[in-house]
Amino acid sequence: MKNSIAALVVGFVFAIGLGLSGMTQPQKVVGFLDLFGNWDPSLVFVMVGAIIVHFITYKLIRKKSSPLFGSQWHVPTKKDVTPALLIGSFIFGVGWGLGGFCPGPAVTSLASFDKRPFIFVVSMLLGMFLFKVLDKKLKIQK
């Protein structure tokens, strides 16, 4: 129960941050990616701010022996760069650039009842489902 409440609070704070920073507006994201046109650098400040906060809090939090609501830390140990990782990253980037959303802001934008985030989220879920099917058949991941 504590984990669910913590997840809800963190998700709510994340959604507010996305809304305040403009990350839920596709035109902001597309403007950021338009390097040779009407470039909008405002998302650089959002990213730098997030990186600074994460860097400081991660160092402080990791000094604890375990997480607040868990018995152990779950930190990724794999560092392999695989073809599946590269292809997935490429697809993610193309989808982000074309749609103007990445997953978090897209889910947050569902509250706007606009059809664009809905189409993006449905397409994202369909892509995840197709990957699971292909992964089982082709044994992409080890």
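For clarity, every value in this text was computed on a predicted model and none was experimentally measured. (Residues numbered from 1 in each chain as written. Predicted model: local features only at pLDDT ≥ 70, side-chain atom pairs only at ≥ 80, totals over all residues. Heavy atoms only, no water.)

Trainee: Kindly report on the overall build of the protein chain, identifying the contributing residues and their values.
Mentor: Scanning the protein chain from N- to C-terminus turns up six helices and zero strands. In terms of principal-axis extent, the alpha carbons of the protein chain reach across some 50 × 40 × 30 Å. Of all 142 residues assigned to the protein chain, the portion counted as buried reaches 16%. Long-range pairs, those at least 24 residues apart, make up 35% of the contacts in the protein chain with a sequence separation of at least 6. The distance from the centre of the 15 positive side-chain charges to the centre of the 5 negative ones in the protein chain is 14 Å. (Helix = DSSP H or I, 4+ residues; strand = E, 2+ residues; numbered from the N terminus. Buried < 20%, exposed > 50% of the residue type's maximum accessible area, 1.4 Å probe, protein only. Contact = heavy atoms within 4.5 Å. Lys, Arg positive; Asp, Glu negative; His and termini not counted. Charge placed at Lys NZ, Arg CZ, Asp CG, Glu CD.)

Trainee: Give me the packing of helix α2 (residues 26–33) against helix α4 (residues 83–99): which residues, what numbers.
Mentor: At a closest axis distance of 8 Å, the pairing of α2 and α4 adopts a crossing angle of 115 degrees. The segment α2 lies against α4, with P26, V29, V30, F32 and L33 engaging W96, G97 and G99. Residue composition of the contact of α2 with α4, by class: six nonpolar, two polar and no charged. (Axes fitted to C-alpha atoms, helices over the stretch in contact; angles between N-to-C directions. Nonpolar A, V, L, I, M, F, W, Y, C, P; charged D, E, K, R; others polar.)

Trainee: Lay out the packing of aromatic side chains in plain terms, naming residues and giving numbers.
Mentor: Within this structure, the stated rule accounts for two aromatic pairs. An angle of 35 degrees between the planes, with centres 6.4 Å apart, marks the rings of F32 and W39 as tilted. The class for F32 is buried, based on a relative accessible area of 15%. An angle of 55 degrees between the planes, with centres 5.7 Å apart, marks the rings of F101 and F120 as tilted. (Phe/Tyr/Trp six-rings, centres within 6.5 Å; stacked < 30°, edge-to-face > 60°.)

Trainee: Explain α4 residue by residue, including any values.
Mentor: For α4, spanning 17 residues, the distance from its first C-alpha to its last is 24 Å, which sits close to the expected 24 Å at 1.5 Å a residue. In the segment just after α4, G100 is the residue with positive phi, at about 80 degrees. (Expected span 1.5 Å × (residues − 1).)

Trainee: Got a sec to walk through the pattern of salt bridges? Specific residues and values, please.
Mentor: For the coordinates displayed, the defined rule picks out two salt bridges. Among the ionic pairs, K28 bridges to D40, the shortest N-O distance being 3.5 Å. Of this pair, K28 sits in helix α2 while D40 sits in the loop between α2 and α3 (42–61); the two residues are twelve residues apart in sequence, bridging distant segments of the chain. Using a relative accessible area of 21% as the deciding quantity, one classes K28 as partly exposed. Between D114 and R116 there is a salt bridge whose closest N-O contact spans 2.7 Å. A relative accessible area of 27% places D114 in the partly exposed class. When its relative accessible area of 47% is taken as the criterion, R116 is described as partly exposed. (Salt bridge = Lys/Arg side-chain N within 4 Å of Asp/Glu carboxyl O.)

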